[in-house]
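Chain and residue survey
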Amino acid sequence: MTQDTAPLAATDLPEGAAAQRKVFIKTYGCQMNVYDSGRMSDALAADGYVTTEDMDDADLVLLNTCHIREKAAEKVYSALGRLRETKKARAAEGREFMIGVAGCVAQAEGDEIARREPAVDVVIGPQTYHRLPQALRRARTGERVVDTEYALEDKFEHLPDPTKVKGRVRSVTAFLTVQEGCDKFCTFCVVPYTRGSEVSRPLAQIVSEAEKLVADGVREITLLGQNVNAWHGVDGTGQAIGLGELLYRLAEIRGLARLRYTTSHPRDMDDRLIEAHRDLKMLMPYLHLPVQAGSDRILKAMNRRHKASEYIALVERIRAARPDIALSGDFIVGFPGETEADFQATMDLVATVGYAQAYSFKYSTRPGTPGADLPGHVAEEVKVERLARLQELLLKQQQNFSRSLIGREIDLLLEKPGRMPGQLIGRSPWLQSVNVDANDSKIGDIINVRITAAGPNSLFAEVAEG
Ligand code: SAH
Ligand code: SF4
Ligand code: F3S
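The structure displayed is predicted, hence computed values, not measured ones. (Residues numbered from 1 in each chain as written. Chains lettered and ligands numbered in written order. Predicted model: local features only at pLDDT ≥ 70, side-chain atom pairs only at ≥ 80, totals over all residues. Heavy atoms only, no water.)

Moving on: the pairing of strand 19 (residues 433–437). Across five bridges, strand 18 (residues 423–427) lies against strand 19 in antiparallel orientation. What sits directly across from Gly426, in strand 19, is Val434. (Pairing = 2+ DSSP bridges. Helix = DSSP H or I, 4+ residues; strand = E, 2+ residues; numbered from the N terminus.)

With that settled, consider the site of ligand 1. Taken together, 15 residues sit near ligand 1, with Phe188, Gln226, Gln292, Asp330 and Ser364 positioned nearest. The side chain of Arg69 places a nitrogen or oxygen atom 3.1 Å from an oxygen atom of ligand 1. The backbone of Gln226 places a nitrogen or oxygen atom 2.5 Å from a nitrogen atom of ligand 1. Broken down by secondary-structure element, the contributors of at least two residues to the shell around ligand 1 are strand 15 (326–333) and strand 16 (357–362). Residue composition of the shell around ligand 1, by class: six nonpolar, four polar and five charged. The two domains that each donate at least three residues to the shell around ligand 1 are domain 2 (170–284) and domain 3 (311–404). (Near = heavy atom within 4 Å. Polar contact = N/O pair within 3.5 Å; in protein donor to acceptor, adjacent residues only side chain to side chain. Nonpolar A, V, L, I, M, F, W, Y, C, P; charged D, E, K, R; others polar. Domains from an automatic or database assignment.)

For the rest of this paragraph, the subject is the packing of helix 11 (residues 308–321) against helix 12 (residues 340–353). For the pair helix 11 and helix 12, interaxial distance at closest approach is 11 Å and the crossing angle is 10°. Taken as axis vectors, helix 11 and helix 12 run roughly parallel relative to one another. Across the interface between the two elements, Ala308, Tyr311, Ile312, Val315 and Arg319 of helix 11 pack against Leu349, Thr352 and Val353 of helix 12. Residue composition of the contact of helix 11 with helix 12, by class: six nonpolar, one polar and one charged. (Axes fitted to C-alpha atoms, helices over the stretch in contact; angles between N-to-C directions. Parallel < 35°, antiparallel > 145°, perpendicular 65-115°, else oblique. Contact = heavy atoms within 4.5 Å.)

Attention shifts here to the side chain of Ser200. Relative to the elements of secondary structure, Ser200 occurs in strand 9 (residues 199–200). A distance of 3.1 Å separates a polar side-chain atom of Ser200 from the backbone nitrogen of His232. For Ser200, the contacting residues outside a window of four places in its chain are Val178, Gln179, Ala230, Trp231 and His232.

Per the UniProt annotation, the sites labelled "domain: Radical SAM core" (unreviewed entry) are residues 168–400. Across residues 168–400, helical content stands at 38% and strand content at 18%; the span's end C-alpha atoms are separated by 39 Å. (UniProt positions renumbered as here; feature names shortened; annotations may be inferred.)

Moving on: the domain arrangement of the protein chain. We note that the domain assignment places domain 1 (3–147), domain 2 (170–284), domain 3 (311–404) and domain 4 (409–463) within the protein chain. Look at where the C-alpha atoms of domain 2 and domain 4 centre, and you get two points 26 Å apart. At the junction of the two partners, domain 2 supplies eight residues and domain 4 supplies twelve residues. Here domain 2 packs against domain 4, burying approximately 780 Å² in sum over the two surfaces, 57% of which is carbon and sulfur. Among the residues domain 2 hides against domain 4, the three largest losses belong to Val172, Arg258 and Arg260. Together they make up 58% of the total. The tally of links between domain 2 and domain 4 comes to zero salt bridges. Linking domain 2 to domain 4 there are six residue pairs in polar contact (both at pLDDT 80 or more). Split into classes, the residues belonging to the side of domain 2 that touches domain 4 amount to three nonpolar, one polar and four charged. (Buried area = accessible area lost by both parts, 1.4 Å probe. Salt bridge = Lys/Arg side-chain N within 4 Å of Asp/Glu carboxyl O.)

By the bridge criterion, six bridges tie strand 15 to strand 16 in an arrangement that is parallel. Residue Asp330 lies in a different strand from strand 16, and its bridge partner there is Tyr359. Regarding topology, helix 12 serves as the crossover connection from strand 15 to the parallel strand 16, and that connection is right-handed. (Right-handed = clockwise from strand over helix to strand, strands pointing away.)

A grouping of Lys26, Lys71, Lys75 and Arg82 is seen on the molecular surface, where their side chains present a positively charged patch. A total of three residues in the positive patch trace back to one element, the largest contributor, which is helix 2 (residues 70–93). Mapped onto the elements of the fold, Lys75 is located in helix 2. (Patch = residues over 30% accessible without salt bridge, like charges linked within 9 Å, V, L, I, M, F, W, Y side chains within 5 Å. Areas by Shrake-Rupley, 256 points an atom, 1.4 Å probe, with all protein chains shown as cover. Lys, Arg positive; Asp, Glu negative; His and termini not counted. Charge placed at Lys NZ, Arg CZ, Asp CG, Glu CD.)

As a further point, take the pattern of salt bridges. One pass over the structure, following the stated rule, counts 42 salt bridges. Here Arg260 makes a salt bridge to Glu220, at a shortest N to O gap of 2.9 Å. In this pair, Arg260 is assigned in strand 13 (residues 258–262) and Glu220 in strand 10 (residues 220–224), connecting sequence segments 40 residues apart. Just as Arg260 is buried, Glu220 falls in that class too. The closest approach of N and O atoms between Asp235 and Arg249, which form a salt bridge, is 3.5 Å. (Buried < 20%, exposed > 50% of the residue type's maximum accessible area, 1.4 Å probe, protein only.)

In globular proteins that are soluble, nonpolar side chains generally tend to be buried together. In terms of nonpolar packing, the biggest core is built from 66 residues, with Ile221, Leu223, Leu247, Tyr261 and Tyr355 touching the most fellow members. Split by domain, this core shows at least three residues from each of two domains, domain 2 (170–284) and domain 3 (311–404). If we skip the residues at most four places from it in the chain, Leu247 touches Leu223, Leu259, Tyr261, Leu273, Ala276, Leu280 and Leu283. (Core = buried A, V, L, I, M, F, W, Y, C linked by side-chain atoms within 4.5 Å.)

To characterise two packed helices, one gives the angle between the axes of the helices and the distance between these axes. In contact at an axis separation of 12 Å, helix 2 and helix 3 (residues 103–116) are set at 35° when each is read in the N-to-C sense. The handedness of the crossing between helix 2 and helix 3 is right-handed. Taken together, the residues of helix 3 that come into contact with helix 2 (itself represented by Ala73, Val76, Tyr77 and Leu80) are Val105, Glu109, Glu112, Ile113 and Arg116. Considered class by class, the residues forming the contact of helix 2 with helix 3 number six nonpolar, no polar and three charged. (Left-handed = near helix turned anticlockwise from the far one by under 90°.)

Shown next as structure tokens:
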């Protein structure tokens, strides 16, 4: 560890040192970015920044960006246009206002951002954000910093202990990144290019972070990875282990009540992981297992490396191990070459599997990915129409699932206050948001409730007797 990147504990800061600087972080994209935003705010807190929810109050605005679809990347440039105006206004007042771009657009288009938008002070990548304080210091001397180059250095070793960061407000649920990057190279996807190749964090580092989170009041941990079930490590005896085994280890942490993990690739659901679903009650019965499409021809063109029938057989094995498991998925419509018959195969697969929740997208061409060069790009209006049909079916399945819970008693982890006095909002085992009148309970409790109604985005419940 070099002196330059050594973490500075918040408690080491001289009182009042740069204490007034405020950062506003806008997070786009997936849960990994949510986790990274938290860690960036930790890194900045150790440097005297406090996080604000009010952009107008900030001295630094950091956009933690997503590159997954064209729209996601475009949002960044329009946000930067607005920030440029704020910067001008602030300069007129003589107040510092810095603009940073982090995340996957930063990694993919770092130099291009710096060229297109001169108001940007710092561009920092998903693997280099532990150097944010240094980058900002350099930027204050007038340098325009693009720091996205990373070698084998492990940012996690340079980030401050999140539980020691002053002012960090923690929820009872937390994300914990265990794996980053992806080697799957699905032909539509930018992730292998923005996040790099697959890297697993060491077992001891993960267990230690989980223990700290639990000591800090966290009751539910969601393990994150672009391809989380590709996680692999070695245990204390030198034995190679996978995600299933990691879950068994984490399940031993006293005080931890719930475990989840996301996102998984169907090819990496091994036997041990399925056993973990069978054996670990605290592993929540909800699995995000994207399939993307139901036609074997399209799956092949997407380089998903499995057939629709293999996916369905896998789902059956998982359901045999954990009958109350609910499935969630991602779907892409209008991949190059997709015919009406191919699309119908996706509809058929959805009908066969039955999803409790799903995310579906129109194919978006990403420059540099193999999909961009494939023949047979599908017309926009065809994509729109197919997406509407698919979403109608998925929504119906989601509503059916929610309604099937009415009258049932379930465990609820209370997460935050509700809108009405005495009301709390919790999470069901299936990740649904549930409103309950629970005067005698507090955030962090797991209580038994009876579901009374299902709204479009959340459920309603009453405390169950006993
Ligand atoms: N690692 C995860 C998800 C990565 S991105 C996985 O392997 O499933 C999240 C989702 O965005 C993907 O599952 C896919 O459905 C969607 N997606 C990725 N690239 C896309 C593109 N070019 N156009 C449309 N949707 C895309
Ligand atoms: Fe992208 Fe495929 Fe990797 Fe998921 S598995 S991150 S979709 S390349
Ligand atoms: Fe987007 Fe990067 Fe996540 S491209 S989906 S923020 S890994």
